[in-house]
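Examining the three-dimensional arrangement
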Amino acid sequence: MSYDTTIDTIDQETQEAIDIDRTKGDFSYPEKHKYDAGVGLSEDTINYISDVKNDPDWVRAFRLKAYETFLSKPMPTNWATEDLNNIHFDKIRYYLADGQKPMRNWEDVPPEVLETFERLGVPEQERAFLAGVEAQYDSETAYSSVKEELEKDGVIFVNSTEGLKEHEEVFRPWFGKVIPTGDNKFSALNSAVFSGGSFIYIPKGLKVKHPLQAYFRINSENFGQFERTLIIADEGAEVMYMEGCTAPKFESTTLHSAVVELVAMKGAKIQYVTVQNWSSNVFNLVTKRGIAHEDAEVRWIDCNIGSRLTMKYPGVVMKGERARGEVISIALANSGQHQDTGAKMIHAANNTTSNVVSKSISVGEGRATYRGQVLIPKHLKGCKNNTECDALMINATSKTDTYPAITVRGNQHVTQHEASVSQVSQEMLFYMQQRGISEAAAMSLAVNGFINDLVSEFPMEYSVELKRLIELEMEGSVG
Amino acid sequence: MSTTIAQMNILETQPQTASDLPEWFVALQQQAWQEFLNAPMPSRKDEVWRFGNLKQLDFDGFSDEKNTEIKYSIPTLPEGVICLPFAEALKQHGDLVKEHFMKAEARLGSAKFAALHKARVKSGLFVYVPDGVRVEKPIEVSHVIAGNKEAIFPHTLIITGKNSEVSVLDRFSSANEDDAGLCIAFNDLIAGDGSKLTYCAVQELNLNSRMIQVNATTVGRDAHAVAFTLNTGSQWARNESLSLLNAEGAHSDMLSCSIPAGTQQYDQRTYQHHAAPHTNSDLLYKNTLFGTSKTVFSGLILVDEGAHYTDAYQTCRNLMMEDTTEANSMPGLEINADQVKCSHGSTAASISDEEIFYLQARGIGPQQARRLIAKGFSVEAVERMRNERLEEVVIEAIDRKFSSIR
C-alpha cells in the first residue's frame, strides 16, 4: 500500500498543473462582433456574408449555388448516426466577425483575442518551432504571419478570403475541385457560408523545413465555424501543416464543418496534422481530401480527442503513377462522445499505394467507429492497399464499430484489411500493479503503449501534448 | 382458380393456400401476402444493398403454378426423428412448425422477398430430431427448377433437440441449361441445447436463373451450428445469412465458397449476432473469381450489451483469377460489450507467380497449377464442415465448375 500512496502524492503535485491544462480551452470572452449574420440560414444570410466579405461575383454565385445543393441533399442518416438530427440549422449563427483584415503582428490583434491565443500557447509555439501561423477567431482570421524568408521564396500563406481575391490565378483552378460542392450535405453547407481557413501555395522544389500552423477557436455560443482550406504544393515541394482547435463548453451545441482540399503536384509531399480537441458539445463534421499526382504523397495524421460527434474520413485520390496516400488516425471517445472517423483511398493510377492505420480507444460510454472506403477501379495495375484498424475498449459500457468497404477490380493488386478489438488484459495490469504502479497509471501506460507507434508520427511538440491529453482523458476511467 | 398459367404472376396473383393445411397457416400466408405488397422495394439508399445489383430484383412474369420436383434421399432414421416434406409436416406436426417457422426478422435487406416466400411457400423439408438422438448420415434434398419463368419457394426447417445431431444437404439445380428460373429459398435452423446441426446448400442453377437464399440460424446453449453455402451456378445470387447466439456456450460456423465466372454476380450479406455472454462465432467466406464476375460481401458482427467474453471472427478472402473481376468487401463490427475478442479480415489478391513456378518446376502445367491452387483455396472452407459426405458432394460440384471454365 505504501507504494500507492507515494504515487498518489506525486500525482497530486502534478495535479494542479494538469487541472489548469484540462480546462485550457474552456473559457470565453464577451462577444463584441461588428458583423453578425444573425440566426438561421437563408439566401439573405449568404448575401450578407458576401457583402461583408466583399466577395467577387464568382464567389457569390458559387455560394448561392452551393446553398441550393445544401437544401436538396438529405441528411446521411441512412448510414450515419441519428444524432445528426439534433443539429438545428435554423438555430445556428453562421457568421460572426469584426471585419478586420488579419494582423501581421500580435500587438495589433484585439486584446481579448490576443489573450485567448496566448492562453492557448499559440504565439509561444510560433516563436519556438513554427514557420508560419494563422489564428482564426470565430469566422475570421485574427492573425496570420509567415516567416520573411519563406515569403521571399514565394510561399503564400494567407486566409481563404485573401487567397481568392489576391491570388485568384492560383486559387481558383483548384478551389472546389478536390471536393466538389455536392460531395455531401456538409461540404455544400461549407461552400455556401465558408469563411476563414488557410490558403497555402508552396512553389516548385521548395521544402519548407518547419511546420505551418493554423489554430481554430470558437468563442461564441450557437455558432457555426466553416473554414475552408486549400493547400497546393507545386512540383517537388514539401510542407507540413498542423491544425489545432478548441472551443469553450457552452450549454448549447456548436457546429464545426470545414472543407480541406490538398493538391500535391508531381513529386510533392503534403503532411496534414490535426489535433482536434473541441469541447464535448461540438458537432465536428469535416470533409478532407487530397489529390496526389505522379510520385506525390499525401499524408493525413489525424487525432480526435474532443467533440460530441466527429464525422471525418480524410481521403486521398491517387491520380498519378506511384502516388502514395496515407491516413494515420487516433481517436479517443469518452462518455458522451462518438468518434466516427476513417479514411477514403481512391486509386486512380497504376502502382499507387495507400496505407491506413487507425487506432481507437473507447472509454466509459464512448463510441468509436471506423468507416473506410478503398476503391481500386478497372484497368489499373500494381495497386496496393493496407488497412489496419485496432480498437481498445476500456470499460464494459464502451462501444466500438468498424465498417470498411473495399472494392477491387482486377487481379493485379494486393489489398488487405484487418481489424481487431481488445481490452487491456487483466494480466498486464496485474503485472504492473505488482511492481508498484497504481491501477490508473498502469491503464494509462497500457493505453499509451497501444497508440505509441502512431503518436511518434506527430511532430515532437504535438506528440508530447497528445500523450498528456490522452492521460487526462483516461483519468478516472478505471476503478 | 380461373386464371390461366400464362396470366399467373408471382408478384400479382394472390397465392391460394391448399385447403387441407392448418387454418393458422392459411391466415399467415394471407398476412404475408399483404406484407409483401406493402413492403417497399430495396433502393440504392439502403446500406444493405450497397454495391448490390437492384436490376436483378425484377421478378415480373414468373409463375409458381407447377409443382417442382423435389427428390428426397433419406437415410435410415432412428426412432422418433421426423423427416417430412414441408406441406406434410404442416398437416401432421403443425404446432412444431408454427413454433419455429420464420421467427427471425429478415434484417439483411430481403424483408420484402422473405414476405413473398412466406406467402407462397408450399414445398420443402421439415426435420425434427428428438433429445439425445444422432442421425449419422446426411438427409439429402434436391430441388430442380423446370420450365421457363418458373419460380420455386422451398423452405427448410430443422429443429434439433437436446444433445442430438443431424446434417442436411439442400441442392438447387435447373432441369436444363436455358430456362430462366427463380428460387427464393429460406432455411430456419434451430439448434437445441448441446446439439450439433450441420446444414449445407449447393447452388448449381443454370446461368439464366436467379436465387435468393435466406438463412436464419438460432444456436442454443453449448450447441454447435454449421451453415455452409456453395455457389457455382445462377446468373445472380443473393445470400443472406443470420446467426443468433442466444445462450452461453453457443458456437456458430458460417462458411461459404463461391466460384463465379463469366458475368455471374454473387451478393452475400452476413450477420453474427451475439446476444449472450461466452458465445463463439467463426465466419469464413472464400470467393474465387473468373471472367468479369463480381462479388459483394458485407458482414457484421454485433455484440450486444452484456454479451461479454464473446469470441467472434469474420474472414472474407477473394482470389482474383482474372484482371476483369471485381470484389467488394464490407466487413463490419459493432461491439457493445467488454472482454470481447473480435477480428475481421478481408483480402483480395491473385495467385503469385512464385506459387505457379513452384508447381511448374515439379512438372505441373501452368493452367493446372492455377486450378490446383484455386481448389486448395476453396477446400479450406469446405473442410471446416467436418462431414465426409457433405465435403465430397461440395468438392465434386467445385470440380464440375472448374472443368466448365475454359
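On a predicted model such as this, the values are computed, not experimentally measured, just so you know.

**Brief notes about the overall build of chain B**
Along its length, chain B carries seven helices and 19 strands. What you see for chain B is a C-alpha radius of gyration of 21 Å, in line with the 22 Å of a compact globule of 406 residues. Taking the principal axes of the C-alpha coordinates as reference, chain B spans close to 65 × 50 × 45 Å. Within chain B, the proportion of its 406 residues that are buried is 51%. A fraction of 84% describes how many contacts in chain B between residues 6 or more apart in sequence connect residues 24 or more apart.

**Quick look at the overall build of chain A**
Along its length, chain A carries twelve helices and 24 strands. Whereas a compact globule of 479 residues would reach a radius of gyration of roughly 23 Å, chain A reaches 22 Å, a difference of no more than 12%. Its C-alpha atoms give chain A principal-axis dimensions of about 70 × 60 × 45 Å. Within chain A, residue pairs in contact and separated by at least 24 positions form 82% of the contacts whose partners lie at least 6 positions apart.

**Observations regarding the interface of chain B and chain A**
Residue-level contacts link 34 residues of chain B with 30 residues of chain A. At the level of elements, strand E18 (326–335) and strand E19 (341–349) of chain B are the ones that each hand at least two residues to the side of chain B that touches chain A. Sorting elements by how many residues they give to the side of chain B that touches chain A places E18(B) first, with ten residues. When its residues are assigned to classes, the side of chain B that touches chain A shows twelve nonpolar, 14 polar and eight charged.

**Overview of helix H12 (residues 460–474) of chain A**
Its 15 residues place the ends of H12(A) 21 Å apart at the C-alpha level, agreeing with the 21 Å of an ideal helix rising 1.5 Å per residue. The secondary structure elements touched by the buried residues of H12(A) are strand E10 (238–246), strand E13 (269–276), strand E15 (297–304), strand E18 (324–333) and helix H11 (439–455) of chain A.

**Considerations on the pairing of strand E4 (residues 140–146) of chain A**
Residue and element names in this part refer to chain A. Taken across its seven residues, E4 has seven buried, putting it largely inside the fold. Inspection of the sheet shows strand E3 (residues 132–137) paired to E4 by six bridges, in the antiparallel sense. Across the sheet, Tyr 137 pairs through a bridge with Glu 140, a residue of E4. The turn joining E3 and E4, which pair antiparallel and follow one another in sequence, is formed by two residues; a positive phi near 55° is taken by Asp 138.

**As for the packing of helix H5 (residues 353–360) of chain B against helix H6 (residues 366–383) of chain B**
All names here are of chain B. As a packed pair, H5 and H6 sit with axes 9 Å apart at the nearest point and diverge in direction by 115°. Considering the relative orientation of H5 and H6, their crossing is right-handed. Residue-level contacts link Glu 355, Ile 356, Leu 359 and Gln 360 of H5 to Pro 366, Ala 369, Arg 370, Leu 372 and Ile 373 of H6. Partitioned by chemical class, the residues of the contact of H5 with H6 number six nonpolar, one polar and two charged.

**A few points about the nonpolar core**
Grouped together as the largest cluster of nonpolar side chains are 250 residues, with contacts concentrated most on A:Ile200, A:Ala233, A:Ala264, B:Val127, B:Ile158 and B:Tyr199. Setting aside anything within four residues of it in sequence, one finds B:Val127 in contact with B:Ile82, B:Cys83, B:Ile139, B:Ile158, B:Val166 and B:Val168.

**Side note on unusual backbone geometry**
All names here are of chain B. Of note in the backbone geometry, Phe 51 takes a positive phi value of approximately 70° without being a glycine. With respect to the helices and strands, Phe 51 occurs in the loop between helix H1 (23–38) and strand E1 (69–73). By C-beta crowding, Phe 51 is classed as partly exposed, having 17 other C-beta atoms within 10 Å. In this structure, Tyr 309 takes a positive phi of about 55° despite not being glycine. Relative to the assigned elements, Tyr 309 resides in the loop between strand E16 (294–303) and strand E17 (311–320). For Tyr 309, a count of 16 C-beta atoms within 10 Å gives the class partly exposed.

**Side note on the confidence of the model for chain A**
Atom-level detail of predicted coordinates should not be read off regions where pLDDT is low. All names here are of chain A. Here chain A averages 87 in pLDDT, and 94% of its residues register 70 or above. Averaged pLDDT values for the elements of chain A fall to 42 in helix H1 (residues 2–22) and rise to 97 in strand E12 (residues 259–264). In this model residues 1–11 is a low-confidence stretch, pLDDT under 50, and it forms four contacts with partners more than four residues away in sequence or in other chains. Every residue in residues 13–22 is under pLDDT 50, and counting partners more than four places away or in other chains gives two contacts.

**Examining the environment of B:Glu240**
Residue and element names in this part refer to chain B. As for its position among the elements, Glu 240 is in strand E12 (residues 236–245). Along the sequence, Glu 240 and Asp 267 sit 27 residues apart, while their C-alpha atoms lie 8.4 Å from each other. If sequence neighbours within four positions are ignored, Glu 240 has contacts with Leu 108, Gly 109, Ser 110, Val 214, Asn 215 and Arg 269.

What counts and how
- Within each chain, residues carry numbers counting from 1 in the order of the written sequence.
- Just so you know, chain letters begin at A and ligand numbers begin at 1, following the order they were written in.
- Residues qualify for local features only when their pLDDT is at least 70, as the model is predicted, and side-chain atom pairs are given and counted only at 80 or more; totals for whole chains, interfaces and linings, by contrast, use all residues.
- The helix and strand labels rest on DSSP assignments: H or I over at least four residues marks a helix, E over at least two residues marks a strand, and numbering proceeds from the N terminus.
- To get the radius of gyration, use the C-alpha atoms; to get the globule rule, take the number of residues to the power 0.38 and multiply by 2.2 Å.
- For the exposure call, what matters is how many other C-beta atoms sit within 10 Å of a residue's own: 20 or more marks it buried, 12 or fewer exposed, and in between partly exposed, using C-beta atoms placed from the backbone.
- A residue pair is marked as a contact if its C-beta atoms, positioned from the backbone, fall within 7 Å.
- Nonpolar residues are Ala, Val, Leu, Ile, Met, Phe, Trp, Tyr, Cys and Pro. Charged residues are Asp, Glu, Lys and Arg, and all others, Gly as well, are polar.
- In this analysis, the expected span of each helix is defined as 1.5 Å times one less than the number of residues it contains.
- Strands pair, by our definition, only if DSSP identifies at least two bridges between them.
- Axis geometry follows a simple rule: fit a line to the C-alpha atoms, using only the stretch in contact for helices, then measure angles between N-to-C directions, giving values from 0 to 180 degrees.
- It is the rotation of the near helix from the far one that decides the hand of a crossing: anticlockwise by less than a right angle makes it left-handed, clockwise makes it right-handed.
- Structurally, a nonpolar core is described as a collection of buried Ala, Val, Leu, Ile, Met, Phe, Trp, Tyr and Cys residues joined by way of C-beta atoms within 7 Å.
- You can read pLDDT as the predictor saying how much it trusts each residue, on a scale of 0 to 100.

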